[in-house]
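# Understanding the architecture of this molecule
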Amino acid sequence: MTDRPDFDPSTLVIHSNRSYERQSNSILFPIHQTATYIHETVGVTKGYGYSRGANPTVNALEQAIAAIEGTRTALCFRSGMSAITTLCLGLLHAGDHVVLSEVIYGGTARLFHQVLTHFGVEYTFADTASVEATEQAFRPNTRLLFIETPANPTLRLSDVRALADLAHSRENLLLAVDNTFLTPLLQDCLSLGADISMLSTTKYIDGHNATLGGSLASHNEALMERLLYVRKIIGSIQAPMDSWLALQGVKTLPARLAMHCEHAMKVAQWLAAHPRIAKVNYPGLPTFPQIELAKKQQKAFGGMLSFELDASPELSLKFVDALKLCTCAESLGSVETLITHPATASHCDLSLAERDRLGITDRLIRLSVGLESPKDLIADFEQAFQTVFA
Ligand SMILES: *Cc1c(COP(=O)(O)O)cnc(C)c1O
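Quick look at the structure, then. (Residues numbered from 1 in each chain as written. Predicted model: local features only at pLDDT ≥ 70, side-chain atom pairs only at ≥ 80, totals over all residues. Heavy atoms only, no water.)

Note on placement: glutamate 308 falls in strand β9 (residues 304-309). With residues near it in sequence (within four places) discarded, glutamate 308 still touches Ile277, Ala278, Lys279, Gly359, Thr361, Arg363 and Leu364. (Helix = DSSP H or I, 4+ residues; strand = E, 2+ residues; numbered from the N terminus. Contact = heavy atoms within 4.5 Å.)

Here's what the structure looks like:
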């Protein structure tokens, strides 16, 4: 725990959890790989009773995340999806209604379509890029507005401050933001008025594809208490080893994000100028329709982009296969550049008509720009263009 909250984020992620291990003075916070804790006398513990409730190593990661979220506490979960699930189970009752961004992570949509609907939770997917469309989707029983911005995979943005104002003009309506693509370092959702910031720590926080994890943070202490309690009941807390690995990752988050942003801009500019490219979605390009909103609510444009080739879907897939340095794999936010085809992967259960309406076409390719030299990445694209269009 830091007693110097005035430090910058790049200092806080390294020192926010610096409580020394006294036996050896190891510089790294230890892995408390334990299920339970010894009582000093019956009923008296040092604050830890059972690792389904809390664990010191998980707490250490939570302190680092709280430091960048600017909150007193954060909670870590087994995965991003288990963070969202715990939020919904903690907040919603049967008969409650949720409004979600229509362009959203596939797993989030599936949670509502395949699971929460069976528990009587009602929901509407809306174009949250439009405040009017979002308001029209509200019902008297709407309790939660859950948005993703930039949204996966089209990078469509939603105005966090405007939607926070809208949500708070109703009684009992909270705004949660899936901030996985930017993290609080590049988009401070809570300062923009959101009630809850959610991250899949699997992505930029870990940064090395070593773990799955998720987090929730809020200034609403009663809500955090409730979520802590529900996490303990359902057992969705992160494992100590995973927290420890993510804790090493988060220390380099500010440095990595700066590089991700710089590399993504270079790759986006190069792709946008290429004659075989029909479209590039990157919030930092002057052609991006919502660049002004990006400048207003983001501190930088991030490491994610998507693009369409001026070619058939078949050739687009051949192009992905022809890449040698860019790795075709799900996930994002890691040191490796990862490339995916959302129409056959994350968004495969949407109909073709629905995907086309949302811009998730059969030609759309999503790129998570990694830390490799942009020169080498661009050379890889160049050779793939030559292979496919020879
Ligand atoms: C990956 C991801 C999730 C889900 O996180 P997991 O850690 O894979 O469960 C949620 N939202 C977004 C935007 C993601 O990219």
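Our focus in this paragraph is the sheet that holds strand β12 (residues 364-368). Read from one edge of the open sheet, five strands run β8-β9-β12-β11-β10, paired in mixed fashion. Each edge of the sheet is formed by a strand with only one pairing partner; in this case those strands are β8 (277-281) and β10 (327-328). Here β10 pairs with strand β11 (residues 338-340) via two bridges, running parallel. Bridge assignment links threonine 327 to a residue of β11, and that residue is leucine 338. (Pairing = 2+ DSSP bridges.)

Moving on to the packing of helix α12 (residues 313-322) against helix α14 (residues 374-388). Their axes nearest at 9 Å, the elements α12 and α14 cross at an angle of 130°. By the criterion of interaxial angle, the relationship of α12 to α14 is oblique. Here the hand of the crossing between α12 and α14 comes out right-handed. For the pair formed by α12 and α14, the contact residues are Leu315, Lys318, Phe319 and Ala322 on the first element and Phe381, Gln383, Ala384, Phe385, Thr387 and Val388 on the second. (Axes fitted to C-alpha atoms, helices over the stretch in contact; angles between N-to-C directions. Parallel < 35°, antiparallel > 145°, perpendicular 65-115°, else oblique. Left-handed = near helix turned anticlockwise from the far one by under 90°.)

For β9, the buried fraction is high: six of the six residues fall into the buried class. A two-sided burial pattern is seen for β9, the buried positions comprising Met304, Ser306 and Glu308 on one face and Leu305, Phe307 and Leu309 on the other. As judged from the four bridges shared by β8 and β9, these two strands associate in the antiparallel manner. By the bridge assignment, isoleucine 277 is partnered in β9 with leucine 309. (Buried < 20%, exposed > 50% of the residue type's maximum accessible area, 1.4 Å probe, protein only.)

Once that is clear, we can look at the packing of aromatic side chains. The geometry of an aromatic ring pair is captured by two quantities: the separation of the ring centres and the angle between the planes. Tallied over the full model, the rule gives 11 aromatic pairs. The interplanar angle of 80° and the centroid separation of 5.8 Å between the aromatic rings of tyrosine 123 and phenylalanine 125 together place this pair among those described as edge-to-face. Classification of phenylalanine 125 by relative accessible area gives partly exposed; the value is 25%. A ring pair is formed by phenylalanine 385 and phenylalanine 389, whose centres lie 6.2 Å apart and whose planes are at 25°; its orientation type is stacked. Note on phenylalanine 385: relative accessible area 4%, which makes it buried. Joined through ring pairs, the aromatic side chains of Trp270, Phe307, Phe319, Phe381, Phe385 and Phe389 make up one cluster. (Phe/Tyr/Trp six-rings, centres within 6.5 Å; stacked < 30°, edge-to-face > 60°.)

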